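# Summary of structural features
The lines below spell out each chain.
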Amino acid sequence: MNAIQVVGPQRLQLIQVPEPEPQKGEVLVRMAALSVCGTDMRLFRHPQKAYPLAPGMPSHECAGTIVESRLPGWKEGQRVIFLPRLNLNGGAEYVVGGPDCLVALPGDGDVAEWLMCQPWGTVLFALERIGSVVGKRVVVLGQGSIGLLFTRSLRHMGVRQLITADLLAHRLAWSRRLGADLAIDAQREDVVGAVAEATQGRGADLVIEASGEPQALSWAIRVARMYATVVLFGIPEEDRIAVDYFPAMAKDRKAHV
């Protein structure tokens, strides 16, 4: 069967490996859709301790159809999200797993769209940890798939104002479509100034950094009001990021004058 294999930094190969066989209590799933996570990109772009990585790694957001079942309650032909919890081997044509790896999907609709339930689950978990956002001014920095999922969710959670920012026009268009009150073009506009103007100088009650970019982390600190909540959700490419501490310190001085 076919499988992808990372053989070096930013080097992928399509290889042939034996097709796995399901054991008792397992199913064999043929992959149909694959989503690329920020954690995947770190393993793809940055040198690892040993190459090549195992076949199919590091893919872990995937969905497909059960083609052989030795697991009661799971039928052949059933579509599923597959969660390779340990070996992250979703980048293969076929995978095997038990019930803890499977999430049932409806029989209709695009399986690639249903797959987005997996990353959306991580967004909803973060929002659950944040708590109520009713009446709050919220800024989401980054409108890739994760940022857009935050935007879509927050729009229906009672926020007072929803501001987003990104570098790409098509992402900003989707952001507006999904409910952003203001979508800032970070290539052409001053993000900090635009947020200040939109909030009448109050700043954001909640800031979600969903890009992993160092510049966005700096913006997150600067657009947040005093005692705001800042959520670092994006996966940075760098191992270490310098943070400009003084804007936050200036907020503290101003608040206590």
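Conventions adopted
Residues numbered from 1 in each chain as written. Predicted model: local features only at pLDDT ≥ 70, side-chain atom pairs only at ≥ 80, totals over all residues. Heavy atoms only, no water. Pairing = 2+ DSSP bridges. Helix = DSSP H or I, 4+ residues; strand = E, 2+ residues; numbered from the N terminus. Axes fitted to C-alpha atoms, helices over the stretch in contact; angles between N-to-C directions. Contact = heavy atoms within 4.5 Å. Parallel < 35°, antiparallel > 145°, perpendicular 65-115°, else oblique. Left-handed = near helix turned anticlockwise from the far one by under 90°. Nonpolar A, V, L, I, M, F, W, Y, C, P; charged D, E, K, R; others polar.

### A closer look at the sheet that holds strand β8 (residues 137–141)
In space, the five strands of this open sheet follow the order β10-β9-β8-β11-β12, with parallel pairing throughout. A strand with exactly one partner marks an edge of an open sheet, and here the two such strands are β10 (182–185) and β12 (224–232). The mean angle between the axes of side-by-side strands here comes to 20°, regardless of whether they run parallel or antiparallel. Both β8 and strand β9 (residues 161–166) contribute to a ladder of five bridges, which runs parallel. The residue of β9 that forms the bridge with L141 is A165. Running at roughly 170° to β10, helix α5 (residues 169–177) makes contact with β9 and β10 of the sheet.

### Concerning the packing of helix α3 (residues 117–130) against helix α4 (residues 145–155)
The interhelical angle for the contact between α3 and α4, taken along N-to-C directions, is 55°, at an axis separation of 10 Å. Taken together, the axis directions place α3 and α4 in an arrangement best described as oblique. For the element pair α3 and α4, the recorded crossing hand is right-handed. On α4, the residues touching P119, W120, T122, V123, L124, A126 and L127 of α3 are I146, L149, F150, R152, S153 and L154. Here the residues of the contact of α3 with α4 are counted per class, giving 10 nonpolar, two polar and one charged.

So, to be careful, I would describe these as geometric facts and stop short of saying anything about function.
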